[in-house]
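# Fold and geometry: a report
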Amino acid sequence: MQHPVVPCRSCSAARRLVPALAGAALAVANASAQEVPADFSAHEVPSGVHPRYVVDPARPTWPGAVVNYFYNPSRQPAGLSVATVLQALVNAARKWEDVCNVRFQYRGTSTAEPALDTVFSTVDRVNVVGWRLLSGNQSGYAGYVAWWWQGAGMVDADMVLNTAYGAQLSRNPRELEALATHEMGHMLAIEHSDKQQSVMFANPYNNFAFQTTLRGDDAAACASLYGSAPHAPANRIFNWAEQTFTQFVGPAGQSSQNLDGYHYRYYPGTASYLAEKDGMLLYLPADGPLIPLGGVQDTLPAASAAGF
Ligand SMILES: [Zn+2]
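Given the structure is predicted, the values throughout are model-derived calculations rather than measurements. (Residues numbered from 1 in each chain as written. Predicted model: local features only at pLDDT ≥ 70, side-chain atom pairs only at ≥ 80, totals over all residues. Heavy atoms only, no water.)

### As for the packing of aromatic side chains
Overall, the coordinates contain 8 aromatic pairs when judged by the stated rule. Aromatic side chains Tyr141 and Tyr144 sit 5.9 Å apart centroid to centroid with 75 degrees between the ring planes, which places their arrangement in the edge-to-face category. Judged by relative accessible area, which is 11%, Tyr144 ranks as buried. With a centroid separation of 6.2 Å and 80 degrees between ring planes, the pair formed by Phe248 and Tyr283 is classed as edge-to-face. With Phe248 in the loop between α7 (232-244) and β7 (257-259) and Tyr283 in strand β10 (residues 280-284), this pair connects stretches of sequence that are 35 residues apart. Through a chain of ring-to-ring contacts, the aromatic side chains of Tyr69, Phe104 and Tyr106 assemble into a single cluster. One residue, Arg52, lies across the ring of Tyr53, its end atom 4.5 Å from the ring centre. Note that Arg215 overlies the ring of Phe210, its terminal NZ or CZ placed 3.6 Å from the centroid. (Phe/Tyr/Trp six-rings, centres within 6.5 Å; stacked < 30°, edge-to-face > 60°. Buried < 20%, exposed > 50% of the residue type's maximum accessible area, 1.4 Å probe, protein only. Helix = DSSP H or I, 4+ residues; strand = E, 2+ residues; numbered from the N terminus. Lys NZ or Arg CZ within 6 Å of the ring centre and 35° of its normal.)

What follows is the structure in structure tokens.
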């Protein structure tokens, strides 16, 4: 059966670079309702309403649960190398792959330009991450994604990284990784969450340190489209641990690997490991020995209650 090609609805979303002080400003606002700073507005959710993730209402998914993408290094900031940018993209992708059954597949560099246009005629069905100076009402954003879907399937998602923020992102590639984590959520057709404790929240955006680690709401959004990853419960516990028990595992934002039946993360700052094997959690400190932490299913409620 043939389906006519029709212009898809264009849905774009964006993130704005937020000063690290935004979190502190929010704390002030919470302390005193009269002192709401000008760069955001705070609203109490009505009782009985549960904030939660938001996905594209059409719930489109990538065929085969694979997001193929290219990188266009044109206009890449001088302070960054292609290898550094690609590592940031791969790391960001792995965070989503750790919690849901989707895979980002890097296909190489490309001269194709990422398109944020809202006309279907320019859609090339090639997913590209690239750099450009964002202008107009997009100028305040460090990154911007436009995605297109047709029927139940995603057909194109492009990410523009704003060269205006190139110097800042060059100084700290981990901020680029955090930015890419949020933007790749959009490439999965996840919109901005209504839950503040999520990477996909945008009112206001959480800072890059926060966006280093996915939260439970983000995992639930992706899992609603692709199902949970096989090791999602362990990874959500790892996410919780690396943001909470920073004296034991750090820095936050590592992604998981597999070896000999172990699903694990290595934390270079503390030279320690978190691992799962056969449903049991293990911790290996720098000076050993291996410490059992309990069962994944027994521990997940604590991580979930903490927002992971
Ligand atoms: Zn966004």
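Here the narrative resumes.
### A word on unusual backbone geometry
Here the residue pair Gly250 and Pro251 is connected by a cis peptide bond, since its omega of 0 degrees sits within 30 degrees of zero. At the junction of Gly288 and Pro289, the peptide bond is cis and its omega measures out at -5 degrees in the coordinates. Within the element layout of this structure, Pro289 appears in the loop between β10 and β11 (291-295). The phi dihedral of Arg59 is positive, around 50 degrees, even though this residue is not glycine. Mapped onto the secondary structure, Arg59 falls in the loop between α1 (21-31) and β2 (66-72). Take Arg59: its relative accessible area is 38%, and that puts it in the partly exposed class.

### Describing the confidence of the model for the chain
Confidence in the prediction for the chain averages 86 pLDDT; 83% of positions are at 70 or higher. The low-confidence segment residues 1-43, where pLDDT is below 50, has 75 contacts with residues more than four positions distant or belonging to other chains. (pLDDT = per-residue confidence, 0-100. Contact = heavy atoms within 4.5 Å.)

### Focus on the pattern of salt bridges
With the rule as written, the count across this model stands at 4 salt bridges. Of the charged contacts in the structure, one is a salt bridge between Arg265 and Asp98, with a shortest N-O distance of 3.3 Å. Placement of Arg265 in strand β8 (residues 262-267) and of Asp98 in helix α2 (residues 82-99) is noted, with a sequence separation of 167 residues between them. In this structure, Glu242 and Arg265 form a salt bridge, with 3.2 Å as the shortest nitrogen-oxygen distance. Residue Glu242 is found in helix α7, and its partner Arg265 is found in strand β8; the two are separated by 23 residues along the sequence. Pair check on accessibility: Glu242 and Arg265 agree, each one buried. Bridged by salt links that share partners, the residues Asp98, Glu242 and Arg265 form one connected network. (Salt bridge = Lys/Arg side-chain N within 4 Å of Asp/Glu carboxyl O.)

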